[in-house]
Amino acid sequence: MPKNQIEPTAELRSGFFERRRLRRIRMIVELTLNLISSDMTVSYREARSLVACARKAILDLHPSFEERYERVVAPHFEHILCSRWPAEEAIHHAVATELVN
């Protein structure tokens, strides 16, 4: 095979890995949204920390995903946080967040 031709298996493998990364990102988002919206023992601070950790995990998996995260994923998290803790959201915008471990 000439050097200028790409092996079809490498191209297929690349598509496989990309789909797997996207599935992992979708799983992280769905698990975080589920946990925040359904677990009534999660505090607002813990929920904010979960969102920050989910963002970090997503960007570790796919560094070029940052703009798409801000456009697509972040509004979903904000909607859940605003609907569950409406009073806390106003305070959050005035104070910087911190990670809770």
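Computed from a predicted structure; not experimentally measured. (Residues numbered from 1 in each chain as written. Predicted model: local features only at pLDDT ≥ 70, side-chain atom pairs only at ≥ 80, totals over all residues. Heavy atoms only, no water.)

Undergrad: Just to check I follow, could you spell out the overall build of the protein for this structure?
TA: When its secondary structure is counted, the protein shows four helices and zero strands. Shown N-terminal to C-terminal, the secondary structure of the protein runs as helices and strands in the order α-α-α-α. Put simply, the protein has 101 residues, and 26% of those count as buried. Put simply, of all contacts in the protein between residues at least 6 apart along the chain, 68% involve residues at least 24 apart. Total accessible area on the protein stands at roughly 7400 Å², and carbon and sulfur atoms take up 57% of it. (Helix = DSSP H or I, 4+ residues; strand = E, 2+ residues; numbered from the N terminus. Buried < 20%, exposed > 50% of the residue type's maximum accessible area, 1.4 Å probe, protein only. Contact = heavy atoms within 4.5 Å. Areas by Shrake-Rupley, 256 points an atom, 1.4 Å probe, with all protein chains shown as cover.)

Undergrad: Is there a simple way to think about the packing of aromatic side chains in this case?
TA: For any pair of aromatic rings, the description consists of the separation of the ring centres together with the inter-plane angle of the planes. Applying the stated criterion across every chain yields a total of three aromatic pairs. Both rings, one in Phe16 and one in Phe17, keep their centres 5.5 Å apart while their planes meet at 65 degrees; by these two values the pair is edge-to-face. Given a relative accessible area of 37%, Phe17 falls into the partly exposed group. (Phe/Tyr/Trp six-rings, centres within 6.5 Å; stacked < 30°, edge-to-face > 60°.)

Undergrad: Explain the nonpolar core to me, please; I cannot follow it from the model alone.
TA: General note: in soluble globular proteins, nonpolar side chains tend to be found buried as a group. Judged by nonpolar contacts, the single largest core of 20 residues is most densely connected at Ile36, Ile58, Phe65, Tyr69, Phe77 and Leu81. Taken together, the elements giving at least two residues each to this core come down to helix H1 (8-38), helix H2 (44-61) and helix H3 (66-84). Dropping the residues within four chain positions of it, Ile36 is found in contact with Ala47, Leu50, Val51, Ile80, Leu81, Arg84 and Trp85. (Core = buried A, V, L, I, M, F, W, Y, C linked by side-chain atoms within 4.5 Å.)

Undergrad: Just to check I follow, could you spell out the confidence of the model for the protein for this structure?
TA: Regions with low pLDDT carry predicted coordinates that are not meant to be interpreted in detail. Here the protein averages 83 in pLDDT, while 74% of its residues score no lower than 70. Of all secondary-structure elements in the protein, the lowest mean pLDDT belongs to helix H4 (residues 86-92), at 69, while H2 reaches the highest, 95. (pLDDT = per-residue confidence, 0-100.)

Undergrad: I keep staring at a positive patch on the surface and nothing clicks. Help me out?
TA: On the surface, a cluster of positive charge is made up of Arg19, Arg23, Arg24 and Arg26. For Arg26, the location among the structural elements is in helix H1. (Patch = residues over 30% accessible without salt bridge, like charges linked within 9 Å, V, L, I, M, F, W, Y side chains within 5 Å. Salt bridge = Lys/Arg side-chain N within 4 Å of Asp/Glu carboxyl O. Lys, Arg positive; Asp, Glu negative; His and termini not counted. Charge placed at Lys NZ, Arg CZ, Asp CG, Glu CD.)

Undergrad: It is not clear to me how the environment of Glu70 should be interpreted in this structure. Could you clarify?
TA: Turning to its location among the elements, Glu70 is positioned in helix H3. Between the C-alpha atoms of Glu70 and Arg55, which are 15 residues apart in sequence, the distance is 9.5 Å. When sequence neighbours within four positions are dropped, the list of residues in contact with Glu70 reads Arg55 and Pro75. Separated by 3.1 Å, the side chains of Glu70 and Arg55 make a polar contact. (Polar contact = N/O pair within 3.5 Å; in protein donor to acceptor, adjacent residues only side chain to side chain.)

Undergrad: In this structure, what is going on with the pattern of salt bridges? I would like to understand it.
TA: Proximity of charged atoms lets side chains of opposite charge pair with each other. Scanning the entire structure with this criterion turns up six salt bridges. Ionic pairing is found between Glu78 and Arg48, a salt bridge with its closest N-O pair at 3.0 Å. Here Glu78 is found in helix H3, whereas its partner Arg48 is found in helix H2, with 30 residues between them in sequence. Residue classification places Glu78 among the partly exposed positions, given a relative accessible area of 27%. Its relative accessible area of 12% is what places Arg48 among the buried residues. Connected through salt bridges with shared partners, the residues Arg55, Glu66 and Glu70 form a single ionic network.

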